[in-house]
Amino acid sequence: MVRFATIGTSGICELFCEALACCDDARLVATYSRNLERARAFGERFGAAFFFDSLEELACCKEVDAVYIASPNALHAPQALQMIASGKHVLVEKPFASNESQAREVFDAARKAGLVALEATRSLHVPTFDVIERVVRCELGPVRLATLRFSKVTSRMARLRAAERINVFDSHLSGGALMDMGVYCVEPAVALFGRPNTIRALALTSPVPGCSEDDPCGVVDLCGEALLGYDDKIVSLSYGKTSDDVLASQVEGERATLTWEPTSGPIELRLFEHEDKGQVFRVEGASGAPLEVDVPQNDMVCEIGDFVGAVLGSEEALAKRERFEGVTLDSLSVMDEIRRQIGVRFPTDPS
């Protein structure tokens, strides 16, 4: 049994606790919030017995084996390091850290301590992603183009326009559309095709309310697009918090095209086999063959299962941990370069 604590009380943390309740070899025992009453109110809903408003006290709690970290992005790496230093495994909500440098520090610390550190990227741990990988590798033929997209209107845009400073649009907290939405496009692209050779990025940005004009971290991105170049293919990424993207993600091979949606947690997969129709330049009326995959209603049980398996020593889960550590590092490297090109800096970025 792996005994969990949570850091955070947001909606994603609620989903995590609901998923945790479905796992036989893990349970929630403790919750943390900066406000003790909030920690208690949140934890009691899910059966926790210990409540903290001190990270130091949580780190020292002997009843906790692992910590799920769902705090603002800029706090992920510092809190993970603090928990690792006290012997706790860490499952860190995406993005794992503010940049590649921070992520390497966390992974190195976990390895030296003999602990598991894993990014909670739900879309990579669901069984549909296994199918996506198999189809891309075996059924599409040589892949030449791919498009991964995830944009969704956020109600917080109105608050930003009203000059309110909020976490998700605060570069001092490693916020912005890339880190919140674009990561769902970057990580599967890297998992499928590896680290690209070239990156070209554009974005719409906005000043962070309350920052001075000479603040190097005073700009945040609202939406953007990036092209990832490989020797034999081009991958397009589209993401944002200003509009709703209603198109599916897809990988285009010379023999067939695979589509899936949503990008944040793939459920519907369709395979479109190429038909040579001569001088016809549109695929008229094509619906594609659906690929059936059984996905849990709360797909966070998949990432929890892989993490708990690694903590308990499963060779298969440990191999996944090893693989996804590389995906996390390469993805953050890509996002570091995208941010460099669009002019978004975080305080923890290397100078």
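If you're wondering where the values come from, they're calculated on a predicted model, not measured in any experiment.

Quick notes on the rules
- Residues numbered from 1 in each chain as written.
- Predicted model: local features only at pLDDT ≥ 70, side-chain atom pairs only at ≥ 80, totals over all residues.
- Heavy atoms only, no water.
- Helix = DSSP H or I, 4+ residues; strand = E, 2+ residues; numbered from the N terminus.
- Contact = heavy atoms within 4.5 Å.
- Patch = residues over 30% accessible without salt bridge, like charges linked within 9 Å, V, L, I, M, F, W, Y side chains within 5 Å.
- Areas by Shrake-Rupley, 256 points an atom, 1.4 Å probe, with all protein chains shown as cover.
- Salt bridge = Lys/Arg side-chain N within 4 Å of Asp/Glu carboxyl O.
- Buried < 20%, exposed > 50% of the residue type's maximum accessible area, 1.4 Å probe, protein only.
- Phe/Tyr/Trp six-rings, centres within 6.5 Å; stacked < 30°, edge-to-face > 60°.
- Lys NZ or Arg CZ within 6 Å of the ring centre and 35° of its normal.
- Axes fitted to C-alpha atoms, helices over the stretch in contact; angles between N-to-C directions.
- Parallel < 35°, antiparallel > 145°, perpendicular 65-115°, else oblique.
- Left-handed = near helix turned anticlockwise from the far one by under 90°.
- Pairing = 2+ DSSP bridges.

What follows is about the environment of Gly-309. Here Gly-309 is to be found in helix H10 (residues 300-311). The residues contacting Gly-309, other than those within four sequence positions of it, are Ser-314 and Ala-317.

We now examine a nonpolar patch on the surface. On the surface, a cluster of nonpolar side chains totalling about 250 Å² of accessible area is made up of Leu-145, Leu-227 and Ile-234. Positionally, Leu-227 belongs in strand S9 (residues 219-229). Overall, the relative accessible area of 42% leaves Leu-227 in the partly exposed class.

It is worth spelling out the packing of aromatic side chains at this point. Considering all chains together, one arrives at seven aromatic pairs under this definition. Ring geometry for Phe-4 against Phe-307: centres 5.7 Å apart, planes inclined by 50°, an arrangement best described as tilted. Taken together, the residues Phe-4 in strand S1 (residues 2-7) and Phe-307 in helix H10 connect sequence positions 303 residues apart. Neither residue differs from the other here; Phe-4 and Phe-307 are each classed as buried. Taken together, a centroid distance of 4.4 Å and an interplanar angle of 10° make the contact between Phe-96 and Phe-107 stacked. Pair noted here: Phe-96 is in the loop between strand S5 (89-93) and helix H5 (100-113) and Phe-107 is in helix H5, with a separation of 11 residues, a long-range link. Site record: aromatic cluster; members linked through ring pairs are Phe-4, Phe-16, Tyr-68 and Phe-307. Above the face of the Tyr-230 ring, Lys-233 is positioned so that its terminal group lies 5.6 Å from the ring centre. The ring of Phe-346 is capped by Arg-339, whose NZ or CZ atom sits 3.8 Å from the centre of that ring.

Between H5 and helix H11 (residues 315-342), the shortest axis-to-axis distance is 8 Å and the interhelical angle comes to 160°. Taken together, the axes of H5 and H11 lie roughly antiparallel to each other. Judged by the twist between their axes, the crossing of H5 over H11 is left-handed. Between H5, through Glu-100, Ala-103, Arg-104, Phe-107 and Arg-111, and H11, the contact on the second element is made entirely by Glu-322, Glu-325, Thr-328, Leu-329, Leu-332, Ser-333 and Asp-336.

What follows concerns the packing of H10 against H11. Viewed as axis vectors pointing N to C, H10 and H11 meet at an angle of 110°, and their least axial separation amounts to 7 Å. Accordingly, the angle class assigned to the pair H10 and H11 is roughly perpendicular. By crossing handedness, the relation of H10 to H11 is classed as left-handed. Of the residues in H11, those touching H10 at Asp-306, Gly-309 and Ala-310 are Ala-317, Leu-318, Lys-320 and Arg-321.

Overall, parallel pairing links the six strands, which are arranged S3-S2-S1-S4-S5-S6 in an open sheet. The sheet is open, and its two edges are formed by strand S3 (50-52) and strand S6 (117-120), each paired on a single side. Strand-to-strand twist across the sheet, computed as the mean angle between neighbouring axes with direction ignored, equals 25°. Pairing geometry for strand S4 (residues 66-69) and S5, over four bridges, is parallel. Bridging from a neighbouring strand, Ala-66 pairs with His-89 of S5. Relative to S5, helix H4 (residues 76-85) is tilted by about 170°, and along the sheet it contacts S1, S4 and S5.

Across residues other than glycine, the phi torsion is negative in most instances, and most of the peptide bonds are trans. The linkage connecting Lys-94 with the following residue, Pro-95, adopts the cis geometry, with an omega of -10°. Assignment of secondary structure puts Pro-95 in the loop between S5 and H5. Here Glu-261 and Pro-262 are connected by a cis peptide whose omega angle stands at -10°. Phi is positive for Ser-174, close to 60°, though the residue is something other than glycine. Examined against the element boundaries, Ser-174 turns out to sit in the loop between helix H8 (156-161) and helix H9 (177-193). Classification of Ser-174 as buried rests on a relative accessible area of 1%.

With that settled, the discussion passes to the pattern of salt bridges. Following the criterion strictly, the structure yields 22 salt bridges and no others. Between Arg-340 and Glu-337 there is a salt bridge, with its nearest N and O atoms 2.7 Å apart. In this pair, Arg-340 and Glu-337 are both assigned in helix H11, three residues apart and thus about one turn of the helix distant. For Glu-337, a relative accessible area of 24% gives the class partly exposed. Several salt bridges share partner residues, and in doing so they unite Glu-100, Arg-104, Arg-195 and Asp-330 into one network.

Shape is all these values report; function is a separate question.
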